[in-house]
Every structure is written in structure tokens, then in C-alpha cells.
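Chain by chain, the residues run as shown.
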Amino acid sequence: MSADIPIKLSVNGEDRNIFVTPTRTLLETLREDLDLTGTKCGCNQGVCGSCTVFCDGLPIRACLALAVTMRGREIVTIEGAHPGDMLSVVQQAFVDAGAVQCGFCIPGMIVSATALLQETQTPSDHDIREALSGNLCRCTGYAKIVAAVSLAARRLNGTVGGAT
Amino acid sequence: MSEAMTLGTSLPRLEAAAKAAGAARYTADMELPGMLHGAVLGSPHAHARIASYDVSAARALPGVKAVVTGADIPQRRFGLTVADESALAIGKVRYIGDPVAAVAAVDTEIAARALELIKVAYEELPAMVTPEQAMADGAPLIHEGYAGYPKIFDCISSGNIMSLARISAGDAEAAWSQCDLIVEDVYETQAQYHAYMEPVAAIAEVDAVGRMTIWSTTQSVFRTQACVSEALGLPRGKVRAISPYVGGGFGGKSEPGVQLVAAVLARACGRPVKVVLRREDDIMTMRSRHPAKIRLKTGARRDGTILARTGDVIMDGGAYADDSPAAMTIVLHFLRGPYRIPNVAFDGRVVYTNKLRAGAFRAVGNAQATFACESQLDELAARLSIDPIDLRLKNAIQQGDRWLGGHAVGSASLAECLTKVRVASDWDTRRAADQKATTTGKRRALGVSSIVYTCAYLSTSAVVRLLEDGTVSVATGAVDIGQGSDTAIAQMCAAALQLPIASVTLVRPDTDATPYNSGTNASRVTYMLGQVIAQAADQVRTQIFRHAADLFECAEEDIELLPGGRVAIKGVSERALTFAEISRRAHFQVGGPIIGQGSYVFDAGKNDPKLAIAKGTISLEHIGTYVFGAQVVDVEVDEITGKVEVLEAWSAHDVGRAVNRQAVEGQIEGAFAQGLGYALMEELVWDDGQLINPSFMDYKIPGTLDMPPKFHPIIIENPEPTHPFGVKGIGEPPVIGVAPAIANAIEQASGVRIRRLPLTGERVLRALVTRDSRAP
């Protein structure tokens, strides 16, 4: 297919100029054109949440967003969700709480969880379950994922130590 | 670091940070120079003969590099129990989606367009989409050549029935007359989709001397190697299989996914080819849990002593055998349940139909058997007016008992597991109170289920090498599909050599680099790998001691291992030698590099015909080490809508010894969730051979809000005597009891017994309406 539409967008803080076809999704652009494979394709229908990324600070499904609509937008993927080589507080909490099993859903989970914690400092377990209800995981039964987000919240608001 | 510190510690997984950072690469994330993209054309018919192909238009499309059909590939078959599959359909198609042709192109869009240009002429045949249709008199054969296919078991077959099997012990028919009460009914279970979050993917590359390398999402690099080798007629050594990170499997990736398609395309075009299935295609063409229909009959004395049980099982195997005959053997092996029932007779038939193949799925066969058995046990308890846990305890298998056919049971801790969940859930108080305490339209009650499974299975091996700097490298063919075995293996190796975990590195599964392991199945990896890690580490330690004895000029018996990779003369720790010093000596001066290896095949012993008669089954000689558990669920039934919610759950399991507590809890929580989906919502539905819900829109798996807000994993540790680290497997057991426990709670809450999974709102509501229309 001819890749004929030029777009400019910011990805993880860097300006990128790329050419895309009208049908290309943001997910395909990230994974195939920009080699940002941390964002996963689980269903390609916007159901599983594995492709969740930040677009102008809000979580979206990259598989449902056409790349051509991303002109001028600021995209942050899992690769950009942490400062330098350090894991973010949320990422580290997922590691420490044992929330990572096969790991395929985890990048999307971390983006959704980070979005929640940007809005709410002290989410209840129910708040966390609601905020993550659009992210499917088949390995963990979610218990340790909920625990991880709760741990991250407590580290961020200073109730417990261990944050980086 | 002492052994105690390493074993049982809740260490984060070795690769957790890489996964959380998005840096861990799965198969679909890989890119090779010159790589093409493959796509697969599926059959539009459930059963048809292929008359002809026309691929000229597809081949002519710019960007298309190869088009292959069943006519272009080696006319060879492969399969785990029966060699009935080919890389692409040869001669006929047997279900909607059966791979007919494949294309390799420069990108996925061109590959998809090329598929639309392939023309296949079919002659349709009658489709048989239920076992009953396939077993009907005069039903056309789905596999005409079945009798001639190679098989790995003592096969008894008839028409479309691929396997007839029977296991019996005692004399059930004679025992019925001694029973005061007999219950009999039919229990039905559905096709469940594995729904691993990573759809199947493979990359194949043929090198300049014709050697094939396959990177793929798989539960066994050795099964991948074997299937590609058999399908293409290549010697084993000409096929190399590698597993990058795998995004879940649950049995669905035990046998091949798209490796064969990638392999035939790579051979056809001489370039690397990547094939990644879309979710819809993964659901339509991979595999499901076997749908089963189980007629079960159980008889007992008035005091609750169970005397006899018979069962007749029909399972839908779908279009290809995969592991179906083995799955049926497992069903029959577990239909007695973890109870002392002296007289049993179980018959099973697995039938080919024109649908998606059924195959291994977390607790294969056992989940179906247990739904029937544990449901019926509560029905029996109700009729006998005995508490369900008391009835289970009265008949529970005890220490020293033998399983059907004579297997040693090991630590028989069912009673302990039942007692733990009884106490933790406040069962005795709540059972007496719950069903009376209702709020508007809602009733709430507890339900229970016993669980038993095995965790030792087939064979495995490991190589442990002491590297020049005194750290160790562990090579095993065991694939960590997300369940955490890499970390458990590293922990066991670190414990055996008293090394910090950071000094142990695992070699990724690669048939060129790692020794044989049959696969990540049957809750076996931690148990089996523990056996060979202990052997290999012991050999490494022996060699280290030999060097140390030389250097210290003392006897080997006087050397002791110290924590942190050091050895010394006993009691003289201040003059210790490091592993690095010993290893450098071995590498460059004396003896050669230090390598330990372990090989192990589990031997449960031959079936004792005096204890049980088995016919038409897979051998159970290399399967054993029994794992016990029990679950209680607190369930609320909304009698207005039929909706069932699990509010709280307790899941107790004897794991022998928890190598990594956090990982064990994760297995219990995750398996419970999958059991909850099986119990309440998941079902693949076909309409005349067409799967009608192949997407996550229409096939729902549990999300965060479906899980009980309160969940209690209860870890019991009775060290397994046959194991060097005392461990048992825990990957599958917690999935097994969820469905019957919920069905039992629903009956306790609302007085309706539902014998068909899943227990959807619609099904529960119908049962409630029937109940109320019968009420006086």
C-alpha cells in the first residue's frame, strides 16, 4: 500500500514525522513504524485494553485510533511512561506486588493505572477495579494488580516508602 | 544466602521489570531482516472435499512472494496422539476456518488482499456438528483414513468415534443392591476458549543450508520441533525451535499454532515469514476445552458411605484429535474423585465433529469430571441430609490409599484442605443461616468443592554449568508461559548451591541450547524441574568439592558448602575458596569446565489389573503425585435477573512447599478467575458449524469487576516426600473446583440445581421460573 499521508506527532516527548495510509492505526504505527512494541495487540477491537496509550494525557485504545487523526497529538507509550532507565512508581509497584505474570496485558494496565492515579490520590480497591475494568488479564485474577495500584498510590502519596 | 532464604521467598519474577517496562519481546514483537508477513485462508465450509485451487490472481498481486496450498506441501501428517493433521488441509476441510492456503507478502495488507484472490472449489459434504450427529448410523466419516493414521495409544475406535475407553474397579453393578440411595443425572460442560492475551504467532526462517528456525509462542519448543519435523519430513536436527516471551498458554499453545504455516511459507519463498493471528482467527482456529456430556450415577449407604459410581462420558473432540484420547483418559481417571469408592466403572467416547478441535486446557478432562462429581456429591448430601463437607470427609482418600490402578497417592491432605476452608469461611454457622437471610430478591449461600489433580508427568532434563566467574547458567527446555517457572527454577538452583538468585541465569528455551523437556503442561514444571535441578546441582557441587579437596589437600568429605558461592574445610570458613577460583581452575588448569546434568522420567508404576481394568486408554505409567485442594465460595443469586455473583472465596491447596509464595498465590488467584469464567460466562457457541462469537466483544472473560472483592488463597505445605525440594504443582488445581462450588452454592441459596455450564443469568432464571411454577 502506498504510505502517502504525512503526519507529525509527538511520541514519548520526541517529534516524529511519518507517512501513513488512511487505514493505518496508531497501534500499527507505534509497533511497526516506530518499533515501540511495548504496546500490545490483544484483540484489535478496543475490548482488551492491551494497546492502551496516553494521547494528550488521556488513556486511549491505540487499535481504534487512526494514525491520520493523531496530527499534533502527544502520545506516551509504556516505553515513555518512566523516567530514564528507572521504572515509574506504578511500574515498580507492579513488579513488587507480583502483579506481572505473562506480562502481555501489563503495559496497557500500567497506562490505565497511571491515568487513575493522576486523577485520584487515594483510590479505594473498588475505584481501582472500576478504573481497570476495561483491561483484560487472563493470568492474575487481578488480585495482585489491584494490590499493585493500591501500593503505588500509597507510595505516591507518601503513606508508605519504597518508591523511586 | 541460605536455602531457607531462597525457597519460599516472594521474589519478584526475574523478568517482571522488563515486562513492566514494555521491553520484553514476544514473538509478534520480533523483526528479522527481509522478513515477510504471512496470512492464512480458512475454509468457509464445515465439511467439504477440495476439488481444485486457482491461486494465479493471488500470485500475480504485486508484493506477494509465495502462495501455498495443501497441494504444494509434503503430503504428511502429524499429531500428539493421532497423526491426523497436516500443515494445510490436504484433500478435504473439516471445520469452518480449517487452513486451506497461505500467503507471504511484503506487508499484512497485501497478504490479506491476496487471500481474497485465492479461489478454491469445494464439494460440500454433510456437516456433523454434534457428537450425536457424528455417531448416528450412516454418518459420513470425517477422517476416512483414521485406521491407518499412526497413534501413540492402544486405540479402540468406531466410525467417527476416535477413542473408546473404559476404566473399572470392583463390581459396580453388584454394589447397587447394597446402596440405600442412588443418584443419577447428566452433567454438561461447554467449549471454553483459552483466551491467552497474546494471540498465537510464529516466525520461520530457513538458512543457507536448509535448516529451519522457528520462533513462536509455544508451551514446548520440543513439540514445535517435533511437529514441524514430522509435517515437513525433516530430521529433528534440521529444525530449531525457540521461544521468546510467551503471553499465556493455559494448554492452548501446547500443540502447534501457526508454526507450520510459517514454516511452509518460509520454505516456499526463501525469506523469513512472520504469521500473527488476529484474535478472531485465533478463536476460530486454535482449540477449546472439550465440551462433555457426563451421565453419572452414585450410590451410598444411609450413613453416607459411598459404595459405587458409574459414568458414561461423551466428549466432542472437534475436527482433529490433538490430545483428545489423553483428555478422555484423564476424565476417567478422575471420575471417582478423591474418595474411597470401591466399585466403579467409567466409559468414555471422544468423537470427531466438524468443529474447532478441542485440546489441552488447564486441568484437561479433570475440570469436566469434577463438575459432574462434585455437583452430584452435593445432591447426594442433600438427599442424605448430611452436611456436604461431612460427606466429603467421610469418604475422603486417606494416607496410604492407592489411586485407581495402584498409583501411590503421597500426602493425602484432602481432609486438611476441606477443614481449612470450612473454618476460614465460618461454614458451619453460615450454612445454617444463609439461605434464610435474604434481602430483596437476593439469596446468598456458601458452596464447596473438593479438588484433586496430579503434577508429575513424563520426562525432563537440565544442564547446570559453572561459568568462569563462579555464577551458574541453567539450561532446561521448560518454557515459562507466564506462570513463573523461570523464577522458581532459579530459586531452586540457587538454594541447592546456596547462591544468591542474581548468580543464576536461565538459558531461554531453544532446542539447540536447552535439553529435552516435554512441555509446560499438567502443573508439572516446578515439580519435574526440581528433580533435575537437584541432580544437576549435586553434580556441580561434587566437582567443586573435588577441586577444593585437591587445593586444600584434604578429603572431599571434609569440604562444606558455604552461602554465597564459597567452599571451605568444615569449620575453617575464614580460608574459603570462591566458586570463581574453583571454576577458573577447572576451566584453565585441571579437569575442564564444571557441568552438571539431570534427567528424570516420572514413574508411577504399571497399572495393576487386580486394582483396575483399563482399556483403550493412554498409559498413566508416567503421570502421578497427587495434589489436593478445596474451595468454598460465597455466592449471591439475584432471583429477579438470575445473575450470580461470587462475593468471597476461599481456595486451599497443599502445594508441598511454596518455592515462591507470591507466585503460588498468583497461580491460585489466576486459576480461580479462569474457573469463574468457565462457571458463569464463557462459552463458544456454534450455529450449524459456524462459530458465532469469535471475539472478545461476544466471548466474555472475567474482568476486574467480575472477581470476588474478597479472595483468600490458603497455602498448605506438607513437603512432598518424592521431591528433593518438597514441592507439588499448583498451576491447574485452583481452576477445577470453582464451577461445582458455585453450582452447589446456587442450589443451597435458591433450591435450583443446574447441571449445565455456564451458569448464566438466563439459565439460572429459567431454573428459578421452573422452580416457582412448581411451587404449591
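Rules used in this analysis
- Residues numbered from 1 in each chain as written.
- Chains lettered and ligands numbered in written order.
- Predicted model: local features only at pLDDT ≥ 70, side-chain atom pairs only at ≥ 80, totals over all residues.
- Helix = DSSP H or I, 4+ residues; strand = E, 2+ residues; numbered from the N terminus.
- Rg over C-alpha atoms; globule rule 2.2 N^0.38 Å.
- Buried ≥ 20, exposed ≤ 12 C-beta atoms within 10 Å, placed from the backbone.
- Contact = placed C-beta atoms within 7 Å.
- Pairing = 2+ DSSP bridges.
- Axes fitted to C-alpha atoms, helices over the stretch in contact; angles between N-to-C directions.
- Expected span 1.5 Å × (residues − 1).
- Arc of directions from axis to C-beta.
- Core = buried A, V, L, I, M, F, W, Y, C linked by C-beta atoms within 7 Å.
- Nonpolar A, V, L, I, M, F, W, Y, C, P; charged D, E, K, R; others polar.
- Domains from an automatic or database assignment.
- Parallel < 35°, antiparallel > 145°, perpendicular 65-115°, else oblique.
- Left-handed = near helix turned anticlockwise from the far one by under 90°.
- Right-handed = clockwise from strand over helix to strand, strands pointing away.

Moving on, we get to the overall build of chain B. When its secondary structure is counted, chain B shows 21 helices and 29 strands. In terms of overall dimensions, chain B is globule-like: its C-alpha atoms have a radius of gyration of 27 Å, near the 28 Å expected for 776 residues. Taking the principal axes of its C-alpha atoms as reference, chain B extends roughly 90 × 75 × 55 Å. Among the 776 residues that make up chain B, the fraction classed as buried is 61%. Look at the contacts in chain B between residues 6 or more apart in sequence, and 80% of them connect residues 24 or more apart.

A tally of helices and strands in chain A yields five helices and five strands. Ordered by position from the N terminus, the helices and strands of chain A form the series β-β-α-β-β-β-α-α-α-α. Compactness check: chain A gives a C-alpha radius of gyration of 16 Å against a globular reference of 15 Å for 164 residues, within 12% of the reference. Principal axes of the C-alpha set define a box for chain A whose edges measure 50 × 30 × 25 Å. Taken across its 164 residues, chain A has 58% of its residues classed as buried. Long-range contacts, defined as pairs at least 24 residues apart, comprise 59% of the intrachain contacts of chain A with a sequence gap of at least 6.

In any sheet, the strands associate via hydrogen bonds between backbone groups, in a parallel or an antiparallel arrangement. Residue and element names in this part refer to chain B. Taken together, the six strands give an open sheet; going across it, the order is 8-13-14-15-7-24, and neighbouring strands pair in mixed fashion. Because the sheet does not close on itself, it has two edges, and the strands there are strand 8 (181–189) and strand 24 (613–615). The average angle at which neighbouring strand axes cross in this sheet is 5°, direction not considered. Summarising the sheet, strand 13 (residues 292–300) and strand 14 (residues 306–318) pair through nine bridges and their orientation is antiparallel. Counted as the bridge partner of Thr298 is Arg309 from strand 14. Its contacts with the sheet put helix 10 (residues 324–334) on strand 7 (161–169), strand 14 and strand 15 (343–352), and the angle it makes with strand 7 is roughly 20°.

Residues and elements named next belong to chain B. With 14 residues, helix 21 (residues 761–774) ought to run about 20 Å at 1.5 Å a step, and its terminal C-alpha atoms sit 20 Å apart, in line with that. Three or more residues of helix 21 are buried, namely Val764, Ala767 and Leu768. All buried residues of helix 21 fall inside an arc of 100° around its axis, so they share one side. More than 90 degrees from the buried face of helix 21, the exposed residues found are Glu762, Val769, Thr770 and Ser773. Contacts made by the buried residues of helix 21 are with strand 25 (623–638), strand 26 (644–654) and helix 20 (738–750).

All names here are of chain B. Formed by 318 residues in total, the largest nonpolar core has its most connected members in Ala262, Cys493, Ile742 and Ile746. Of all the elements, helix 16 (residues 525–552) adds the most residues to this core, at 11 residues. The residues contacting Ile742, other than those within four sequence positions of it, are Gly447, Val633, Val635, Val644, Val646, Ala679, Leu680 and Leu759.

Moving on, we get to the interface of chain B and chain A. Of the residues lining the interface, 47 residues belong to chain B; the matching set on chain A comes to 43 residues. Sorting elements by how many residues they give to the side of chain B that touches chain A places helix 18 (residues 661–680) of chain B first, with eight residues. Looking at side-chain class alone, the side of chain B that touches chain A contains 23 nonpolar, 14 polar and 10 charged residues.

A word on the domain arrangement of chain A. Residue and element names in this part refer to chain A. Per the domain assignment, the segments making up chain A are domain 1 (5–80) and domain 2 (89–156). Counting residues at the interface gives 14 residues for domain 1, matched by 11 residues for domain 2. At three residues, the largest contribution of residues to the side of domain 1 that touches domain 2 is made by strand 3 (residues 52–55).

A word on the sheet that holds strand 18 (residues 472–476) of chain B. Residue and element names in this part refer to chain B. With mixed pairing, four strands are arranged side by side in an open sheet as 19-18-17-23. Edge positions in the sheet fall to strand 19 (504–507) and strand 23 (595–601), since each of these pairs with one other strand and no more. Across the sheet, the mean angle from the axis of one strand to that of its neighbour is 20°, orientation sign disregarded. In this structure, strand 17 (residues 459–466) lies alongside strand 23, joined through seven bridges in antiparallel fashion.

Attention shifts here to the domain arrangement of chain B. Interfaces are often sized by the accessible area lost when the parts come together. All names here are of chain B. On domain assignment, one finds that chain B holds domain 1 (31–125 + 197–248 + 253–285), domain 2 (364–454 + 624–774) and domain 3 (459–601). Inter-centroid distance (C-alpha atoms) of domain 1 to domain 2 is 39 Å. Taken together, the residues of the side of domain 1 that touches domain 2 break down into four nonpolar, no polar and two charged.

All right, on to the packing of helix 11 (residues 366–384) of chain B against helix 20 of chain B then. Residue and element names in this part refer to chain B. Put simply, helix 11 and helix 20 touch, their axes get as near as 8 Å, and they point 30° apart. When the interaxial angle is binned, helix 11 and helix 20 end up roughly parallel. In the crossing of helix 11 with helix 20, the sense of the turn from one axis to the other is right-handed. Contact with helix 11, carried on its side by Thr370, Phe371, Glu374, Ser375 and Asp378, involves Ala739, Pro740, Ala743, Asn744 and Glu747 of helix 20 and no other residues of that element. Residues that form the contact of helix 11 with helix 20 fall into these classes: four nonpolar, three polar and three charged.

With that out of the way, let us pick up the environment of Gln399 of chain B. Among the structural elements, Gln399 of chain B can be located in the loop between helix 12 (388–395) and helix 13 (414–424). For the pair Gln399 of chain B and Ser413 of chain B, spaced 14 residues apart in sequence, the C-alpha separation works out to 7.8 Å.

Residue and element names in this part refer to chain B. Side chains Val504 and Leu506 of strand 19 all project onto a buried face; the interleaved residues Thr505 and Val507 project onto a face where none is buried. For strand 18 and strand 19, the ladder comprises four bridges, and the chain directions are parallel. Of the residues in strand 19, the one forming a bridge with Val472 is Val504. Assessed by its sense of winding, the connection that carries the chain from strand 18 through helix 15 (residues 485–497) to strand 19 is right-handed.

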